[in-house]
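Architecture and fold: a report
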Amino acid sequence: MTTLVLEREPIAVAVEVTDEQLRIHLADGRAITVPLEWYPRLVYATPSERDHYELLGHGSAIGWPDLDEHLSVENILAGRQSGESQKSFQRWLASRA
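The rules behind each value
- Residues numbered from 1 in each chain as written.
- Predicted model: local features only at pLDDT ≥ 70, side-chain atom pairs only at ≥ 80, totals over all residues.
- Heavy atoms only, no water.
- Helix = DSSP H or I, 4+ residues; strand = E, 2+ residues; numbered from the N terminus.
- Buried < 20%, exposed > 50% of the residue type's maximum accessible area, 1.4 Å probe, protein only.
- Contact = heavy atoms within 4.5 Å.
- Salt bridge = Lys/Arg side-chain N within 4 Å of Asp/Glu carboxyl O.
- Pairing = 2+ DSSP bridges.

1. With respect to the environment of Ile62
The topology assignment puts Ile62 in strand 5 (residues 61-64). By relative accessible area, Ile62 is classed as buried at 0%. Along the chain, Ile62 and Ala14 lie 48 residues apart, while their C-alpha atoms are 9.5 Å from each other. Not counting chain neighbours up to four residues away, the residues in contact with Ile62 comprise Ala12, Val15, Ile24, Tyr53, Glu54, Leu55, Leu56, Glu69, His70, Leu71 and Val73.

Written out as structure tokens, the structure reads:
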């Protein structure tokens with residue numbers, strides 16, 4: 001098994017969320033784009049909730065306080081999808097009704 005070794009920590013400087021994609025702009029000029037369906041809370045969020053994000057840890061993570069969602073930029077870069085259980089997600093979804 002190969003282990004990914006990063007030469008430097010990826011740092012987010014801006015985030016865009018559409019109905020289909022999450023795009024993170026990095027300090028080194030790259031942009032990471034992943035399917036929004038990887039993060040169900042963002043799928044069910046309103047546009048204003050999606051736009052209300054915070055860069056955490058000097059850009060090493062992104063948080064959406066209205067959604068109680070926090071994502072590591074390194075995990076996104078590694079292709080890791082949401083690890084939230086279906087039961088937890090369903091509770092969260094029910095709380096929004």
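Still more ground to cover, so stick around.
2. Section: unusual backbone geometry
Of note, the phi angle at His58 is positive, near 60°, even though the residue is not glycine. Examined against the element boundaries, His58 turns out to sit in the loop between strand 4 (54-56) and strand 5. Judged by relative accessible area, which is 77%, His58 ranks as exposed. Despite not being glycine, Asp68 shows a phi value in the positive range, around 55°. Summarising the element assignment, Asp68 is placed in the loop between strand 5 and strand 6 (69-72). A relative accessible area of 52% means that Asp68 is categorised as exposed.

3. Side note on the pattern of salt bridges
For the coordinates displayed, the defined rule picks out four salt bridges. A salt bridge links Arg30 to Asp28, with the nearest nitrogen and oxygen atoms 2.9 Å apart. Asp28 gets classed as partly exposed once you look at its relative accessible area, which sits at 39%. Glu84 is paired through a salt bridge with Arg41; the nearest N and O atoms lie 2.6 Å apart. Residue Glu84 is located in the loop between helix 3 (73-77) and helix 4 (86-95), and its partner Arg41 is located in helix 1 (residues 40-43); the two are separated by 43 residues in the primary sequence. On the basis of relative accessibility, which here comes to 8%, the residue Arg41 falls in the buried class.

4. Considerations on the pairing of strand 5
What you see with strand 5 is no split at all: Ala61 and Gly63 on one side and Ile62 and Trp64 on the other are buried throughout. Direction of pairing for strand 4 relative to strand 5: antiparallel, over a ladder of three bridges. Paired with Leu56 across the strands is Ala61, a residue of strand 5. Between strand 4 and strand 5, which pair antiparallel in sequence order, lie four residues; one of them, Gly57, sits at a positive phi of approximately 55°.

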